[in-house]
Amino acid sequence: MADSYKTIIKPTEEILFKEKGSKFYGYAFPLKSDHEVNELIAPLRNRHPKAGHHCYAWKLGANDHNYRANDDGEPSHSAGDPILGQINSYELSDILVVVSRIFGGTKLGVGGLISAYRETAKLTLDTADIRLRTITAAVEISFEYPQMSQVMRFIDEGKYNIISQNLTVSCIITIAVPQSQQESITEVINKMYPIKAKALD
């Protein structure tokens, strides 16, 4: 199970790539859901009304099975797949890459289209602010006040983020841990008697 993946934290600036008179405008956007795709592409249709194609690819999550490539009227596999190939080459996810094309009068052929869409996507991602995102899961720690310093030391040493804390008669602190380590960290805490921990869904 992957604990982390690369993504972008903000949209890129517009990139322009020219090939035999055709103009290819490239964009990349952070993506939370596939439902956002059409909303993100719609402004580009208004921005480039002469563009005959707004080809794109997106990928979501740390695994490799939630993605889509769209040729938007270009020959099959000549646009969306090269864009997706660059997303995979940069090992990115939670991202949408769109390339809007304005035809310049000279046909590029399938090979030329593949090359142009791939290059535009590459130039776009070259400018992206890429960050590593860690996939976390929650562990709830229950203890009494005398164990407070022990619990806080454990959290500090592991550099875990505190999601919530309820410090009343008894204490409950919920922390975020790497997803693949949720069970093992819960077991470690449960050995720190009388402190108790449980993994949360």
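Criteria and cut-off values
- Residues numbered from 1 in each chain as written.
- Predicted model: local features only at pLDDT ≥ 70, side-chain atom pairs only at ≥ 80, totals over all residues.
- Heavy atoms only, no water.
- Pairing = 2+ DSSP bridges.
- Helix = DSSP H or I, 4+ residues; strand = E, 2+ residues; numbered from the N terminus.
- Axes fitted to C-alpha atoms, helices over the stretch in contact; angles between N-to-C directions.
- Contact = heavy atoms within 4.5 Å.
- UniProt positions renumbered as here; feature names shortened; annotations may be inferred.
- Buried < 20%, exposed > 50% of the residue type's maximum accessible area, 1.4 Å probe, protein only.
- Arc of directions from axis to C-beta.

1. Section: the sheet that holds strand β2 (residues 15–19)
Hydrogen bonds along the backbone pair up the strands of a sheet, which may run parallel or antiparallel.
Reasoning step 1: In space, the five strands of this open sheet follow the order β2-β3-β6-β4-β5, with antiparallel pairing throughout. Edge positions in the sheet fall to β2 and β5 (67–70), since each of these pairs with one other strand and no more. The average angle at which neighbouring strand axes cross in this sheet is 20°, direction not considered.
Reasoning step 2: As paired elements, strand β3 (residues 22–30) and strand β6 (residues 95–102) share eight bridges and run antiparallel to each other. Directly across from Ala28, in β6, lies its bridge partner Val97.
Reasoning step 3: Most of the contacts of helix α2 (residues 80–89) go to strand β4 (residues 53–59), to which it runs at about 35°, and overall it touches β4, β5 and β6.

2. Considering the UniProt feature "domain: Impact N-terminal" (unreviewed entry) in the protein
Reasoning step 1: Look at the UniProt record and you will see "domain: Impact N-terminal" (unreviewed entry) annotated at residues 20–124.
Reasoning step 2: From the first C-alpha to the last, residues 20–124 spans 19 Å; its make-up is 35% helix and 27% strand.

3. Comments concerning helix α1 (residues 37–47)
Reasoning step 1: Burial in α1 covers these residues: Val37, Ile41 and Leu44. Down the axis, α1 shows its buried residues gathered within 50° of arc, on one side only. In α1, those exposed residues whose orientation departs by more than 90 degrees from the buried face are Glu39 and Asn46.
Reasoning step 2: Structurally, α1 contributes buried residues whose contacts are with β3, β4 and β6.

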